[in-house]
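# Residue-level structural notes
Residues per chain are reported as follows:
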Amino acid sequence: MTTTRKWLAETPLARVRRARRINRELAVRYPDARCELDFTTPLELLVATVLSAQTTDVRVNQVTPELFAEYPDAKAYAEADRVELEELLRPTGFFRAKTEALRGIGRELVERFDGQVPNRLADLVTLPGVGRKTANVVLGDAFGIPGITVDTHVGRLARRLGWTTEEDPVKVEHDIGALIERSEWTMASHRLIFHGRRTCFARKPACGACPIAGECPSYGIGETDPVLAAAMLKG
């Protein structure tokens, strides 16, 4: 059976088993997988995740120490001076939209949730600038409630691994959720993000240095030479 036929003949049960093996193998490769945004409270994580759109976690982490000191609670964001907040957020890009989102989040939290970040997906996604991706980050990492975060890395890897053929993040989330046990949703998301940032790159993955090469239908789309691939690895 050719490689292509092998994956086409995969049964749903076999796909579940393969997905769970991949998750276990990535856990070994990335024992330190975690949210790479710095935070100490649910509000800080919510704010940092909103700011991470269209920029890097590193850049957000450079901005948030001063931001969190200046705006320690929801009331502070609700009452924030727009110009002053914009200046703080300028390095993150799209700072005007992010400023309005944070001010709106502050107002909504104060008016509807007693100034506290809610721990329900249905509530979180009603906040300005908060979609399912951001909500699942907050649920998983601030509240310990399992959630699948479908960012660009998770979507790309899920398709390369043959876990989904969908492009819509919500459909990708549901497809992954059907394969991975619920208790592992948050950590599986972190491991996929780590793998996407460090090995399975968008343009040219380091296939020859990949711990899940034997489980991947897309093996060979990147560098397969082990030495050259190893030299590509990040982190």
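Overview of the structure.

What counts, and where the lines are drawn
- For every chain, the first residue of its written sequence is number 1, and the numbers climb from 1 along that sequence.
- Restriction of local features to residues with pLDDT of at least 70 applies here, the model being predicted, together with a cutoff of 80 or more for giving and counting side-chain atom pairs; totals for whole chains, interfaces and linings are based on all residues.
- Calculation of side-chain values draws on the structure's entire complement of heavy atoms; hydrogens and water are dropped beforehand.
- Counting from the N terminus, the helices are the DSSP runs of H or I reaching at least four residues and the strands are the DSSP runs of E reaching at least two.
- Radius of gyration means the value over C-alpha atoms here, while the globule rule gives 2.2 Å times the residue count to the 0.38 power.
- The cut-offs for exposure are 20% and 50% of the maximum accessible area for each residue type, with area from a 1.4 Å probe on protein chains only; residues under the lower value are buried, those over the upper are exposed, and the others partly exposed.
- To be clear on the numbers: accessible area is Shrake-Rupley with a 1.4 Å probe, and residue cover counts the displayed protein chains and nothing else.
- Under this rule, positive means Lys or Arg and negative means Asp or Glu; His and the chain ends count for nothing.
- Where a charge sits is defined by one atom per residue type, namely NZ (Lys), CZ (Arg), CG (Asp) or CD (Glu).
- What makes a salt bridge here is a side-chain nitrogen of Lys or Arg within 4 Å of a carboxyl oxygen of Asp or Glu, nothing more.
- Working definition of a nonpolar core: buried Ala, Val, Leu, Ile, Met, Phe, Trp, Tyr and Cys residues. They are joined through side-chain atoms within 4.5 Å.
- By definition in these notes, contact holds between two residues if any of their heavy atoms fall within 4.5 Å.

## A look at the overall build of the protein
For the protein, the helix and strand inventory stands at 13 helices and zero strands. Seen in sequence order, the protein has helices and strands lined up from the N terminus as α-α-α-α-α-α-α-α-α-α-α-α-α. Expected size for 235 residues packed as a compact globule is a radius of gyration near 18 Å; at 19 Å, the protein falls within 12% of this value. Counting only C-alpha atoms, the protein reaches 65 × 35 × 25 Å along its principal axes. Here the protein holds 235 residues, and 46% of them are scored as buried. Here the protein displays about 11900 Å² of accessible surface, and carbon together with sulfur accounts for 52% of that area. Mean positive and mean negative side-chain charge positions of the protein (33 and 32 charges, respectively) differ by 8 Å.

## Observations concerning the pattern of salt bridges
Tallied over the full model, the rule gives 17 salt bridges. With a shortest N-O distance of 3.0 Å, Arg120 and Asp123 are connected by a salt bridge. On the accessibility criterion, Asp123 (17% relative accessible area) is buried. Through salt bridges with shared partners, one network takes in Glu36, Asp57, Arg197 and Arg198.

## Describing the nonpolar core
Buried together is how nonpolar side chains tend to be arranged in soluble globular proteins. With 35 residues, the main nonpolar core has Leu67 and Leu102 as its most contacted residues. Ranked by residue count, the leading element in this core is helix 3 (residues 42-51), at seven residues. With near-sequence residues (within four places) excluded, Leu67 lies in contact with Val47, Leu51, Tyr77, Leu85, Leu88 and Leu89. Tyr30, Ala158, Leu161 and Ile180 belong to the second-largest nonpolar core, a separate cluster that totals 24 residues.

## Things to note about the side chain of Glu44
Among the secondary structure elements, Glu44 is positioned in helix 3. Here Glu44 occupies a buried position and makes no salt bridge, while the nearest side chain of opposite charge, Arg34, is found at 14 Å. Glu44 has contacts with Phe39 and Phe68, leaving out every residue within four places of it along the chain.

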